[in-house]
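# Architecture and fold: a report
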Amino acid sequence: DAGITQSPRHKVTETGTPVTLRCHQTENHRYMYWYRQDPGHGLRLIHYSYGVKDTDKGEVSDGYSVSRSKTEDFLLTLESATSSQTSVYFCAIGQPQETQYFGPGTRLLVL
Amino acid sequence: AQSVTQLGSHVSVSEGALVLLRCNYSSSVPPYLFWYVQYPNQGLQLLLKYTSAATLVKGINGFEAEFKKSETSFHLTKPSAHMSDAAEYFCAVSGGSQGNLIFGKGTKLSVKP
């Protein structure tokens, strides 16, 4: 298994509060991705990174920001959480257009 | 733009029966194609991947998929279902504009004893 961990694994928060999710990898991989998974939608790309301090937006980036100050860590921040951001969040690593390896996910509930 | 269609959000089979999960993609150029499996409360695990080396791709746990360019399909099959196959299955295709994979909406497989 690819060495990818996510923290926290579960979080309950209130509308309007900031939330940061962490993805940590031990594979020294250059490319990292954040997806969200919602019933009936599959996985959708939020943001991705192609190196330290190099990030770009995905399909559903509104309301999210990311940062990558080290190769191994990719942070996803919800600046002001809304109920529509209740979801399961997955981090992945992998070369573009190639196999991607996923972390265990973070379940976020915004009340 | 690439897209993936999985026919049937839920499929139910009896233990020992054939499993067939359908996936169609939209592209004039054969991309890389993937099947992932997600067990409850877990991340996605790669089942198999098509890379144009062979149209019939064998994966883990007895699953295989056949790439048919003329039908733009990549259906997943397993001859005999096992209770442990109950999970959600996602078909994905390369070709996202940010290097990401594009996923279908998933098919939940239930296996009845």
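As a reminder, the structure under discussion sits directly above these lines.
Residues numbered from 1 in each chain as written. Chains lettered and ligands numbered in written order. Predicted model: local features only at pLDDT ≥ 70, side-chain atom pairs only at ≥ 80, totals over all residues. Heavy atoms only, no water.

On to the overall build of chain A, then. The helix and strand inventory of chain A stands at zero helices and eleven strands. Written out in order from the N terminus, the α and β elements of chain A read β-β-β-β-β-β-β-β-β-β-β. Summarising its shape, the C-alpha atoms of chain A cover approximately 35 × 30 × 25 Å along the three principal directions. Buried positions account for 49% of the 111 residues belonging to chain A. Here chain A has roughly 5,200 Å² of accessible surface; of this, 48% comes from carbon and sulfur atoms. (Helix = DSSP H or I, 4+ residues; strand = E, 2+ residues; numbered from the N terminus. Buried < 20%, exposed > 50% of the residue type's maximum accessible area, 1.4 Å probe, protein only. Areas by Shrake-Rupley, 256 points an atom, 1.4 Å probe, with all protein chains shown as cover.)

Now for the pattern of salt bridges. All names here are of chain A. Overall, the coordinates contain seven salt bridges over all chains when judged by the stated rule. Linking Lys70 and Asp73 is a salt bridge whose minimum nitrogen-to-oxygen distance equals 3.3 Å. For Lys70, a relative accessible area of 41% gives the class partly exposed. Relative accessible area serves as the criterion here: at 8%, Asp73 is assigned to the buried category. (Salt bridge = Lys/Arg side-chain N within 4 Å of Asp/Glu carboxyl O.)

What follows concerns the state of the cysteines. Residue and element names in this part refer to chain A. Applying the stated criterion to the full structure yields two disulfides over all chains. The disulfide partner of Cys23 is Cys91, and the S-S distance across this bridge is 1.9 Å. Because the sign of the S-S torsion sets the handedness, a value of about -70° for the bond joining Cys23 and Cys91 places this disulfide among the left-handed ones. Linking Cys23 in strand β3 (residues 19–25) with Cys91 in strand β9 (residues 87–93), this pair joins segments that are 68 residues apart in sequence. Owing to a relative accessible area of 0%, Cys91 belongs among the buried residues under this scheme. (Disulfide = S-S within 2.5 Å.)

Along the polypeptide, A:Asp38 turns up in strand β4 (residues 32–38). Side-chain polar atoms of A:Asp38 contact the side chain of A:Arg36, separated by 2.8 Å. (Polar contact = N/O pair within 3.5 Å; in protein donor to acceptor, adjacent residues only side chain to side chain.)

This next bit is on unusual backbone geometry. At the junction of A:Ser7 and A:Pro8, the peptide bond is cis and its omega measures out at -10° in the coordinates. Assignment of secondary structure puts A:Pro8 in the loop between β1 (4–7) and β2 (10–13). One non-glycine residue, B:Asn61, adopts positive backbone phi at about 60°. Residue classification places B:Asn61 among the partly exposed positions, given a relative accessible area of 41%. Its identity as a non-glycine residue notwithstanding, B:Thr72 has a phi of 45°, on the positive side. Relative to the elements of secondary structure, B:Thr72 occurs in the loop between β7 (64–68) and β8 (73–78).

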